Amino acid sequence: MASPRGEFSSRFGFVMAAAGSAVGLGNIWGFPTQAASNGGAAFLLVYLLLAFLLAYPALMAELIIGRHAHANGVTALRSISRGPQTANVGSLIGLAGIFTVSMILSFYGIVAGWMIAHFCSSLASIVGLDPLATWLVDFSFIRNVGFMGLFMFLTAAIIAEGVHDGIERWSSRLMPILIVTLFLLVGYVMTLDGAMAGLKVYLLPDFGAAVKPQLIVSALGAAFFSLSLGAGTMLIYGSYIPDEGKLPALGGWVTGVDIMIAVTAGFVVIPAMYVALNNGVEIFGADGSLISGDTLIFTVLPALFDTMGTAGVVVSLLFFALMTIAALTSSISMLEVPVSYTIENHSYSRRRAVYLIGFSIALVSTLILFNFDALFGLVIAATTRYAQPLLGLMYCLFCGWVWHRNGILEELRKGQPDIEQGLFWAVWPWYIRYVVPAIILLIFANSLLN
Ligand code: PHE
């Protein structure tokens, strides 16, 4: 291996790892219902536009900073600073990212634990252990802590193996399984009665709904958070890209795969909801919109699987396997952020850093589970609604205003000597300086107002 701190060994490995980070619970339970409730294909169009015109440039900021420094967020931001003062601000932003992503992992681990529990429940039904199957889907403290702990352990076990043998190897195995499972589910759901009604809702564009400014802002938020921006994860994955990698194309692949999977998940979730409606399951909330989020995943879809007999158990097994994989390839990217910092800046061994930090985050998750009603929603809002956009803004500002333009050009040239002649260099530096920060501020202001 070229670098003692670890590197991705191929383009495929990097794209699977970074797309694995991006594709998570958000894509599968968030995007489809948001699209279906907000203008169908019209929302999709707005989402695509925003993903490529805004989220992609912000992703590039993190990748370029990371690759330049080949170091964790704190060191990376210091390395592109112009003096001691901006360096200190850089350290602070880096540390804030580490704290934020650790808190994200603390709630993500809880939700992912539920996915594993539902997966095990389907297995228990198959072998006829019905009381166990019921216990596994009941919301008990013991179940919640146990499965969160199991998920955290899996995450830690992968990260303990390092960048190449852990992150790259497991992402390259799990992502293709995820994609195949997803397409199998699409194929099957489409054969069921009621699926076509769902397809219409998903695909018929209603432009009136999609041009509402409120909606554009929420589509932008979805695109942004779905790409794991503003948490330092893409920065750290960028730091493991070898110098000969062509960054703009790599970022494009990651954005493309993330969008493709979100859109494909829509072909499962929305038709499945209308199959459920066809089978007598309630799919609309009190306000008339499609049920979304955790109620969709843990109530509506299981109710649908129940109406499907034996096939339902298999579909349920596949679906929760899919969710568990999606969660795992995201959670490993989260844990790598504090771990890389602790290894590089505090001389811990990887194994020691992984288990110490993994255990501490699991303790925080337990604390959240103890005070679930008070803390769960609070931690989600504080991290995803406030901290992520604000930190995303900071990375862009560092790229656009602090780092010398020549430094950026030099970095990009390493993998692509003719970068100056291309469209990317003509647009991106200007874009990241003015347009992206302005839009993030807009989202941020909007989420503060709501
Ligand atoms: N992008 C992931 C998802 O859609 C979540 C995530 C956020 C992952 C921040 C890493 C960092 O679920």
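These notes cover the structure that comes with them. (Residues numbered from 1 in each chain as written. Predicted model: local features only at pLDDT ≥ 70, side-chain atom pairs only at ≥ 80, totals over all residues. Heavy atoms only, no water.)

## Topic: the overall build of the protein
Thinking step 1. Helix and strand counts for the protein stand at 19 helices and zero strands.
Thinking step 2. Compactness check: the protein gives a C-alpha radius of gyration of 21 Å against a globular reference of 22 Å for 450 residues, within 12% of the reference.
Thinking step 3. Dimensions along the principal axes, computed over C-alpha positions, put the protein at roughly 65 × 50 × 40 Å.
Thinking step 4. For the protein, the proportion of its 450 residues judged to be buried stands at 58%.
Thinking step 5. Excluding contacts between residues fewer than 6 apart, the proportion of contacts in the protein whose partners are at least 24 apart in sequence is 82%.
Thinking step 6. Total accessible area on the protein is roughly 17,800 Å²; 68% of this is exposed by carbon and sulfur atoms.
Thinking step 7. The centroid of the 19 positive side-chain charges in the protein is displaced by 10 Å from the centroid of its 23 negative side-chain charges. (Helix = DSSP H or I, 4+ residues; strand = E, 2+ residues; numbered from the N terminus. Rg over C-alpha atoms; globule rule 2.2 N^0.38 Å. Buried < 20%, exposed > 50% of the residue type's maximum accessible area, 1.4 Å probe, protein only. Contact = heavy atoms within 4.5 Å. Areas by Shrake-Rupley, 256 points an atom, 1.4 Å probe, with all protein chains shown as cover. Lys, Arg positive; Asp, Glu negative; His and termini not counted. Charge placed at Lys NZ, Arg CZ, Asp CG, Glu CD.)

## Looking at the site of the ligand
Thinking step 1. Not every one of the 14 residues close to the ligand is listed here, only the nearest: Ala22, Gly24, Tyr108, Ser226 and Ser228.
Thinking step 2. At a separation of 3.0 Å, a nitrogen atom of the ligand approaches a polar backbone atom of alanine 22.
Thinking step 3. Tyrosine 108 is positioned such that a nitrogen or oxygen atom in its side chain is 2.8 Å from an oxygen atom of the ligand.
Thinking step 4. Every element with two or more residues in the shell around the ligand is listed here: helix H1 (11-22), helix H2 (25-37), helix H11 (213-226) and helix H15 (309-346).
Thinking step 5. When residues of the shell around the ligand are assigned to their parent elements, the largest contribution, three residues, is made by H2.
Thinking step 6. Residues of the shell around the ligand, tallied by class, amount to five nonpolar, nine polar and no charged. (Near = heavy atom within 4 Å. Polar contact = N/O pair within 3.5 Å; in protein donor to acceptor, adjacent residues only side chain to side chain. Nonpolar A, V, L, I, M, F, W, Y, C, P; charged D, E, K, R; others polar.)

## What to know about the environment of threonine 366
Thinking step 1. Looking at where threonine 366 falls in the secondary structure, it is placed in helix H16 (residues 350-370).
Thinking step 2. Owing to a relative accessible area of 19%, threonine 366 belongs among the buried residues under this scheme.
Thinking step 3. Measuring from C-alpha to C-alpha, the distance between threonine 366 and isoleucine 270 comes to 33 Å, with 96 residues separating the pair along the chain.
Thinking step 4. The residues contacting threonine 366, other than those within four sequence positions of it, are Phe141, Val145 and Met148.

## Details of the packing of H16 against helix H17 (residues 372-402)
Thinking step 1. For the pair H16 and H17, the least separation of the axes is 6 Å and the interaxial angle reads 125 degrees. Taken together, the axis directions place H16 and H17 in an arrangement best described as oblique. Judged by residue contacts, Leu367, Ile368, Leu369 and Phe370 of H16 engage Phe372, Leu375, Phe376 and Val379 from H17.
Thinking step 2. Looking at the contact of H16 with H17 residue by residue, the class counts come to eight nonpolar, no polar and no charged. (Axes fitted to C-alpha atoms, helices over the stretch in contact; angles between N-to-C directions. Parallel < 35°, antiparallel > 145°, perpendicular 65-115°, else oblique.)

## Some points on the pattern of salt bridges
Thinking step 1. Overall, the coordinates contain eight salt bridges when judged by the stated rule.
Thinking step 2. Two residues, arginine 169 and aspartate 165, come together in a salt bridge whose shortest N-O distance is 3.5 Å. With arginine 169 and aspartate 165 both in helix H8 (residues 162-190), this residue pair falls four residues apart, about one helical turn.
Thinking step 3. For arginine 169, a relative accessible area of 39% gives the class partly exposed.
Thinking step 4. Looking at aspartate 165, the relative accessible area reads 33%, which means it is partly exposed.
Thinking step 5. When salt bridges that share partners are traced, they join Arg67, Asp243, Glu411 and Lys414 into one network. (Salt bridge = Lys/Arg side-chain N within 4 Å of Asp/Glu carboxyl O.)

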